[in-house]
Amino acid sequence: IHNMSALAEAVRQVPAVPNVVLCTDDIEATDIVRIGHLDNVVRAGIAAGIDPALAIRFATLHGAQRLRQPELGAVAAGRRADLLLLDDLTRVHVQTVLVNGRIVARDGRLTAPIDEPAGGYTAGNTVRLPQLTASDFTLRAPQHTGDVTVHAVDCSDDVMFTRLTTRTLPVR
C-alpha cells in the first residue's frame, strides 16, 4: 500500500473527492488469505486518517463508478444486493457476506455453494505469443549516434501513481 499517508493528507485538504478509488491489483493469493484484499486497503486508509465511511466509499461506490458498473457500489433500487455487513467500521471486520441478496458467508465461513461462472468462462491459454528472444525487445533508434529522447513510465517507490515521462538515452 503505497503512500497511503499522502493520500489521506490530500483527502483531508480537499472537501469533495469524487475521483478517489481504493483498489489493488498487485497482491498474491497467499497474502489475500493472510491479510485480506480490499478490506486491508480500506483498513490502511483508515489507519492513515481517512474517515472510515469515506474509505469504504472509495473502495465501493467510486470503484464501481470508475469501472462503469452502475449496478454495483451502493445500496439502492436497481442495484445488485452484494453487501458486506461489518461488526466494526474501523477494523473493517466482515461479519456477513451477501451476494445477490443471499447470505453466502458468515463469521469467516462459507454458508452457500459458489456458483459456476455464467457463460462457461475459462481463463487458460488466452494469450498466444510466438517464441520471443532478446532481440524482440530491442528498441531501434531513429539515428545511429548521439542521444535520443524516449517516453518512459515513472514507477519509482516514492510516487503513488505511475506517470508518463521522458528520458534521454545514449544510442548504442
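Residues numbered from 1 in each chain as written. Predicted model: local features only at pLDDT ≥ 70, side-chain atom pairs only at ≥ 80, totals over all residues. Heavy atoms only, no water.

Caption draft 1: Quick peek at the pattern of salt bridges. Tallying each qualifying case throughout the model produces six salt bridges. Here Asp 31 and Arg 34 are joined by a salt bridge, their closest N and O atoms 2.9 Å apart. Here Asp 31 pairs with Arg 34, and both are found in helix α2 (residues 29-35), just three residues apart, close to one helical turn. In this structure, the salt-bridge partner of Arg 80 is Asp 82, at a minimum N-O distance of 2.6 Å. Note on Arg 80: relative accessible area 37%, which makes it partly exposed. Residue Asp 82 is classed as partly exposed on the basis of its relative accessible area, which comes to 31%. Here the residues in one salt-bridge network are Asp 87, Asp 88 and Arg 91, joined through shared partners. (Salt bridge = Lys/Arg side-chain N within 4 Å of Asp/Glu carboxyl O. Helix = DSSP H or I, 4+ residues; strand = E, 2+ residues; numbered from the N terminus. Buried < 20%, exposed > 50% of the residue type's maximum accessible area, 1.4 Å probe, protein only.)

Caption draft 2: Layout of helix α3 (residues 38-47). Buried within α3 are the following residues: Asn 40, Val 41, Val 42, Gly 45 and Ile 46. Structurally, α3 contributes buried residues whose contacts are with α1 (4-13), α2 and α4 (52-59). Phi for Gly 49, located one or two positions after α3, is positive at around 115°. (Contact = heavy atoms within 4.5 Å.)

Caption draft 3: The arrangement of the nonpolar core in detail. Among the nonpolar cores identified, the biggest contains 15 residues, and Met 4, Leu 7, Leu 22, Val 42, Ile 50, Ala 55 and Phe 58 are the most heavily contacted of them. Contributing elements (two or more residues each) for this core: α1, α3 and α4. Non-local contacts of Ile 50, meaning those with residues more than four positions away in its chain, are made with Met 4, Leu 7, Ala 8, Gly 45, Ala 55 and Phe 58. (Core = buried A, V, L, I, M, F, W, Y, C linked by side-chain atoms within 4.5 Å.)

Caption draft 4: Local environment of the layout of surface pockets. Here the largest pocket is characterised by a volume of approximately 1000 Å³. Around the largest pocket, the lining comprises 33 residues; the ones closest to its centre are Ala 59, Thr 60, Gly 73, Asp 82 and Leu 84. Contributions of two or more residues to the lining of the largest pocket are made by α3, α4, α5 (61-66), β1 (83-88) and β2 (93-99). Here the lining of the largest pocket is built from residues that sort into 21 nonpolar, six polar and six charged. (1 Å grid on protein atoms, 1.4 Å probe; cavity = no way out; pocket = protein on both sides within 12 Å on 5 of 7 lines; lining within 4 Å. Points joined across faces, edges and corners; volume = space filled by probe spheres on them. Nonpolar A, V, L, I, M, F, W, Y, C, P; charged D, E, K, R; others polar.)

Caption draft 5: Broad picture of a nonpolar patch on the surface. The grouping of Val 127, Leu 129, Leu 132 and Phe 137 at the surface amounts to a nonpolar patch, some 460 Å² of accessible area in total. Tracing the backbone shows Val 127 in the loop between β4 (109-110) and β5 (147-154). (Patch = residues over 30% accessible without salt bridge, like charges linked within 9 Å, V, L, I, M, F, W, Y side chains within 5 Å. Areas by Shrake-Rupley, 256 points an atom, 1.4 Å probe, with all protein chains shown as cover.)

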